Amino acid sequence: MLTLFSHAHNYTTSITVGYIGVDVDLWLWMTWLLWPLIVTFLLPLTIVLFFYITGVILYVYKLHRERLINAYENNFWDGAIKTVAALWDAHGWIWHGYELNGLENVPIDSPALLVYYHGAIPIDLYYMISRIYLIKAKLVHTVADHFLFKLPGWSIISEPLKVIPGTVQTCSDILKENNLLAISPGGVYEAQFGDRYYRLMWKKRFGFAKVAIDAKVPIIPVFTQNIREAFRCIGIGRRFWLRIYLWTRLPIVPIYGWFPVKLRTHIGKPIPYDPDLSAEDLQKKVASAIEELICQHQKVPGNILRALCERVYNPLNCSKKKT
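One structure accompanies this document, and this report is about it. (Residues numbered from 1 in each chain as written. Predicted model: local features only at pLDDT ≥ 70, side-chain atom pairs only at ≥ 80, totals over all residues. Heavy atoms only, no water.)

**Digging into the overall build of the chain**
The condition is simple: Secondary structure is summarised from DSSP: a helix means a run of H or I of at least four residues, a strand means a run of E of at least two, and numbering begins at the N terminus for each. Per-residue accessibility, obtained with a 1.4 Å probe over protein chains only, is compared with the maximum for each type, and a residue is labelled buried under 20%, exposed over 50%, and partly exposed between these values. Contacts are residue-level and defined by heavy atoms, with any inter-residue pair within 4.5 Å sufficient. Note on areas: these come from Shrake-Rupley sampling with a 1.4 Å probe, and a residue is covered only by the protein chains present in the view.
Each helix and strand in the chain was counted, giving twelve helices and nine strands. Out of the 323 residues in the chain, the part that is buried amounts to 41%. Within the chain, residue pairs in contact and separated by at least 24 positions form 79% of the contacts whose partners lie at least 6 positions apart. Summing over all exposed atoms, the chain offers an accessible surface of approximately 18900 Å²; the carbon and sulfur share of this is 66%.

**Section: helix 5 (residues 168-176)**
The condition is simple: Regarding the arc, it is the one traced by the directions from the helix axis to the C-beta atoms.
Within the span of helix 5, buried status applies to Cys-171, Ser-172, Ile-174 and Leu-175. Looking down the long axis of helix 5, one finds its buried residues gathered within 160 degrees of arc, a one-sided arrangement. Its buried side turned inward, helix 5 meets strand 2 (112-116), strand 3 (140-143), strand 4 (163-164), strand 5 (180-183) and helix 7 (207-215). Downstream of helix 5 by a residue or two, Asn-178 has a phi angle that is positive, lying close to 70 degrees.

**Quick look at the pairing of strand 9 (residues 264-267)**
What counts here: Between any two strands, at least two bridges found by DSSP are needed for them to pair.
Every second residue of strand 9 is oriented toward a common face, with Arg-264 and His-266 on one face and Thr-265 and Ile-267 on the other, all of them buried. Where strand 1 (residues 99-101) lies against strand 9, three bridges are found, and the strand directions are parallel. By the bridge assignment, Glu-99 is partnered in strand 9 with Arg-264.

**As for unusual backbone geometry**
Pro-301 follows Val-300 through a cis peptide bond whose omega is -5 degrees. We note that Tyr-198 has phi near 55 degrees; this positive angle belongs to a residue other than glycine. The buried category is assigned to Tyr-198, whose relative accessible area is 3%.

**Some points on the sheet that holds strand 6 (residues 219-225)**
In sheet architecture, strand pairing relies on hydrogen bonds along the backbone and comes in two forms, parallel and antiparallel. The criterion, for reference: Every axis in this analysis is a line fitted to C-alpha atoms, fitted for helices over the stretch in contact. Angles between the N-to-C directions lie between 0 and 180 degrees.
Pairing is mixed in the open sheet, where seven strands are placed in the order 1-9-6-2-5-3-4. Each edge of the open sheet is held by one strand with a lone partner, namely strand 1 and strand 4. Here strand 3 pairs with strand 4 via two bridges, running parallel. Residue pairing for strand 4: Val-143 is matched across the bridge by Ile-164. Sheet contacts for helix 3 (residues 123-136): strand 1, strand 2, strand 3, strand 5, strand 6 and strand 9; angle to strand 3, the most-contacted strand, approximately 160 degrees. The strands that helix 10 (residues 279-297) touches are strand 2, strand 6 and strand 9; relative to strand 6, the one it contacts most, it runs at about 30 degrees.

And the structure:
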């Protein structure tokens with residue numbers, strides 16, 4: 001009986017080894033067969049990457065070399081921040097044909113609160129902050145979600161770039177020190193569960209309004225055209241992801257994209273401080289201003305192909321000219 005079991009075991013082992021050998025041989029054979037195809041596509045992509053990096057470097061040198069030289073002469077951190085800003089600005093120009101409209105609405109010598117619509121990834125905020133810093137030499141402080149401050153290495157970014165977790169008091173203090181501050185009332189919730197219809201998802205969040213009232217500063221509405229077409233969140237299993245988010249408060253919805261769509265940030269007219277407005281009324285007024293920007297500059301529902309075509313022309317501008 002033991003002998004029969006031993007023979008059966010050896011036979012099974014040989015079959016298993018045989019199958020493994022077949023799998024390995026098949027894998028090697030497929031690799032050898034597809035290698036020319038892999039090389040054919042991999043090398044051109046590598047060359048495209050090098051061209052992209054070259055374009056970024058040359059763009060930075062052409063437009064910002066004097067700013068960078070002066071910045072490094074004055075202050076180390078100023079030079080470092082301007083270098084980072086120049087790289088982000090170059091990336092926005094090359095990858096998204098990024099444009100910033102309404103820069104004249106951003107003050108230099110007085111504080112203001114910038115309130116923006118939050119895309120799946122707020123890459124437009126990085127572009128806007130970089131452009132403002134390069135042109136107006138004014139660093140926009142930003143409020144980020146608490147989970148970011150738990151990430152390793154985040155402090156080296158948040159400290160020089162003035163990124164804060166943000167309470168009503170700390171935000172108000174920053175504005176009272178004559179700074180610019182950017183806040184998205186929708187936050188991670190709007191980023192994860194917003195869609196291509198660009199509806200604001202602020203719920204009853206009016207902390208930003210309390211900040212503006214306490215600091216007695218104007219609020220500037222901001223919206224970026226096609227930001228939902230650059231990155232999108234998976235729409236399948238929305239209820240499941242929402243339950244996990246409400247439980248963890250973490251951005252766990254899978255994101256796809258980074259499509260090279262046209263991005264235009266529109267900075268609206270400032271909403272002046274009004275001591276007679278309550279926080280609730282001010283929130284509604286700001287929401288209406290951003291919704292008006294969306295209505296003027298965004299065709300809904302958003303479409304990735306149309307947003308790509310806008311790299312060449314803007315159908316909204318064409319329709320305005322006809323009317």
